[in-house]
Amino acid sequence: MTPVEQIKSRLDIVEVVGGYIKLQRAGINLKARCPFHNEKTPSFFVSPARQTWHCFGCSKGGDIFSFVQEIEGMEFPEALRILAQRAGVELVHESRERRDARSRLFEANELAVKFFETQLLKSPAGGRALAYLRDRGLRDETIHAFRLGWAPEAQDALLVFLRGRGFSDKALDEVGLATRARDGFRARFRGRIMFPIFDGSNRTVGFTGRIFGREEGEYDPKYLNTPETPIFEKHRILYGLSAARKEIRRRGVALLVEGQMDCLLAHQATSAHAVATSGTALSPQHLVVLKRLADTVIFSYDADVAGIEAAKRGIDLALEAGFIVRLAVVPKGKDPADLIRDDIAAWQELLEHGTQPIIGFLLEQALAAHGLASPEAKRAVVTAVFPAIARISNTIERAEWLEQVRLRLGMTQANAEAFWQEVVKHEVKSIEAPQVSSEQDRPLPKEILSRRELLEEHLVALTMLQEQLNDLGDETIVRSLRNRALYRVALTAVQPAEGASLAIPERVSRFQDAIAEEFKPYGERIVFMVEEMAESIRDLLEERNACLREIRTLDLRERLEAISTELEAAERSGDFARTRELTERFRESSANLAALFSETSRVTETVS
Ligand SMILES: [Zn+2]
């Protein structure tokens, strides 16, 4: 057994999911209001028999791993580690020595945090740093909760402390606490206010140290960060995320600020959805982490051009990753930390009512810079705004912004279209969507199913439930290729075996075994439907007939529409023979439609 299989065999999905949300019985399955989208009636189902979950509302689904990933906003390896621990399964892919070495690194960091915390509270220099933090507006409980500390000036104070606890200089170098000097090792962080950085399990993976008590110099930067280490991957870790995760999920919004102080003061000012990048630019990996938790990111930056310029790359990435991007622009020359300290009400008002959609902001800025007076000015405005619009991944949103800009600039459709083509040609090449999925984690693509596709899915599920089928093999009624493949499998799965009709669970397992790999997640969805319908629908045969009628009605309506378009064209061109032929076809289809309706009402009458 692989560790994943071992974990699955030891943990029950009902307990794992039930630890996060309240589940209620629904026949052989359990249901709940989905934790991943907003809804009033439950469409989130858990199957104890198959150890899977699926939401009919947002089409997410999977096993315990994907559930923990989704709800904790974690990558697969993190979810694996948490569940392995819970199941008492040793992860063998990581050798004992390596794991021990890694846990030694965490241990060193944890001891360092404690050392720095004590220095902040007990040493005279630490006292001055503490006074500074309070002066910047931090409350003691925030300082305590985020475990801020003080790294003393002395070259080897921390090293002496950690050597005394059995750590070699080499290990301290590896975790980034020590750095190699000409005559041995010395502490990397000296005379600095220390901000520990935590991972999803609240372990310290690194630090940011802010200079204090002296001027910064060429080799002595204002902010010093832990370098990449085996446990610190800058492009994945967001400062404040372990504290902000819950609130980001609750709001569906992540607030991105630049610095640690901004982040801490934001948390203190009831903006507990704030996170900061740790001494690095916002990366696609950061966004993958946030995307599991939120649909919207708010960038909070200084109003000046440099502030926006600095945020530009991150904003582009966020648009490409499908986020709704808004800006919270703080007054010029201030950072969020200043604004919060000086005028907390203004900060809260800004976040509550004052954030602007990024495209609107860019448009206003470009208009202010170039005006509208000449064709050249319009071109400049378009050049500033269209590339950002091109990065929006939602088609409807993109179209709406294009239209707004067009109207604002008083351009004709044709003109706007020509400009757009030009921009897209240049931009689209450079746009690359970040890799979101891993092998273990394959949510269904977010798609809006048409009514027809939904009906087809119902037909497949209802077919699985029939005692007897009279219309075997009639698969042409199902139009989507995916649903047709599933329908074909369903028709085979319900065939009696050795003359005996099969029970539902047997059919289900036949169905699941026969589905092609690429359709498995959709098959899972059908199985949940089958189980739901088995409980809730009394006349399964009539339900299936109604479903078939409904699909045929849609077909006929479409055909009628197509014929009437052709008919119009034939009439306009004076083609009498064609007109007559089409009129006849139209009459035929109308009659069919009418017949379908009378069938429906006859059934309705017998039922009532
Ligand atoms: Zn959902």
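Model, not experiment: these values are computed from the prediction.

**Brief notes about the sheet that holds strand β5 (residues 61-62)**
Each strand in a sheet pairs with another by means of backbone hydrogen bonds, the pair being arranged parallel or else antiparallel. One open sheet accounts for 5 strands, arranged β1-β2-β3-β4-β5; its pairing is antiparallel. With one partner strand each, in any of the chains shown, β1 (24-26) and β5 form the two edges of the open sheet. Relative to strand β4 (residues 52-55), strand β3 (residues 44-47) runs antiparallel, the two sharing 4 bridges. When the bridges of β4 are listed, Phe45 appears paired with His54. Contacts between helix α3 (residues 64-72) and the sheet are confined to β3, β4 and β5, with β4 contributing the most and set at about 50° to the helix. Against the sheet, helix α23 (residues 520-536) touches β2 (29-32), β3 and β4, its axis set at about 85° to β4.

**Side note on the sheet that holds strand β10 (residues 204-211)**
Spatially, 4 strands are ordered β6-β9-β10-β11 in an open sheet, and the strand pairing comes out antiparallel. The open sheet terminates on both sides in strands that have one partner only, identified here as β6 (149-151) and β11 (223-225). Taken pair by pair, the neighbouring strands of this sheet meet at an average axis angle of 35°, ignoring direction. Relative to β11, β10 is paired through 3 bridges, and the arrangement is antiparallel. By the bridge assignment for β11, Gly209 is matched with Leu224.

**As for the pairing of strand β8 (residues 184-187)**
Pairing geometry for strand β7 (residues 178-181) and β8, over 4 bridges, is antiparallel. Residue pairing in the sheet places Ala178 in a bridge with Ala187 of β8. Once β7 ends, the chain turns through 2 residues before running back antiparallel as β8.

**Topic: the layout of surface pockets**
Left-over empty space is what a probe sized like a water molecule reveals as it rolls over the atoms. Roughly 1000 Å³ of volume is contained in the second largest pocket. Along its surface, the second largest pocket is lined by 36 residues, and Pro77, Glu78, Arg81, Arg102 and Arg203 are the ones closest to its centre. No other element matches the 7 residues that helix α4 (residues 76-87) contributes to the lining of the second largest pocket. Taken together, the residues of the lining of the second largest pocket sort by class into 16 nonpolar, 7 polar and 13 charged.

**Topic: the packing of aromatic side chains**
Following the criterion strictly, the structure yields 17 aromatic pairs and no others. Centroid distance Phe45 to Phe528: 6.5 Å. Interplanar angle 50°. Geometry classified as tilted. Pair noted here: Phe45 is in strand β3 and Phe528 is in helix α23, with a separation of 483 residues, a long-range link. Overall, Phe45 belongs to the buried group, its relative accessible area being 6%. For Phe528, a relative accessible area of 0% puts it in the buried group.

**Quick word on the domain arrangement of the protein chain**
Here the protein chain is described as being made up of domain 1 (3-87), domain 2 (96-225), domain 3 (238-430), domain 4 (451-537) and domain 5 (549-607). The C-alpha centroid of domain 5 is placed 50 Å from the C-alpha centroid of domain 3.

**Thoughts on the coordination of the zinc ion**
Taken together, the protein ligands of the zinc ion are Cys34 (SG), His37 (ND1), Cys55 (SG) and Cys58 (SG), with distances of 2.1 to 2.3 Å. Around the zinc ion, the 4 donor atoms sit at angles spanning 101 to 119°, and that spread fits a shape best called tetrahedral. Judged by its relative accessible area of 24%, His37 is partly exposed. On the basis of relative accessible area, Cys58 is assigned to the buried category, the value being 13%.

**Let's talk about the nonpolar core**
Judged by nonpolar contacts, the single largest core of 60 residues is most densely connected at Leu133, Leu148, Leu177, Tyr239 and Trp347. Per element, the largest residue contribution to this core is 9 residues, and it comes from helix α5 (residues 96-122). If you count residues domain by domain, this core takes at least three from each of domain 2 (96-225) and domain 3 (238-430). Ala311, Ala318, Val382 and Trp420 belong to the second-largest nonpolar core, a separate cluster that totals 47 residues.

How each quantity is defined
Residues numbered from 1 in each chain as written. Predicted model: local features only at pLDDT ≥ 70, side-chain atom pairs only at ≥ 80, totals over all residues. Heavy atoms only, no water. Pairing = 2+ DSSP bridges. Helix = DSSP H or I, 4+ residues; strand = E, 2+ residues; numbered from the N terminus. Contact = heavy atoms within 4.5 Å. Axes fitted to C-alpha atoms, helices over the stretch in contact; angles between N-to-C directions. 1 Å grid on protein atoms, 1.4 Å probe; cavity = no way out; pocket = protein on both sides within 12 Å on 5 of 7 lines; lining within 4 Å. Points joined across faces, edges and corners; volume = space filled by probe spheres on them. Nonpolar A, V, L, I, M, F, W, Y, C, P; charged D, E, K, R; others polar. Phe/Tyr/Trp six-rings, centres within 6.5 Å; stacked < 30°, edge-to-face > 60°. Buried < 20%, exposed > 50% of the residue type's maximum accessible area, 1.4 Å probe, protein only. Domains from an automatic or database assignment. Donors = N, O, S within 2.8 Å, 3.2 Å for Na, K, Ca; no water. Tetrahedral: all angles 85-135°; square planar, octahedral: opposite > 155°, others 65-115°. Core = buried A, V, L, I, M, F, W, Y, C linked by side-chain atoms within 4.5 Å.

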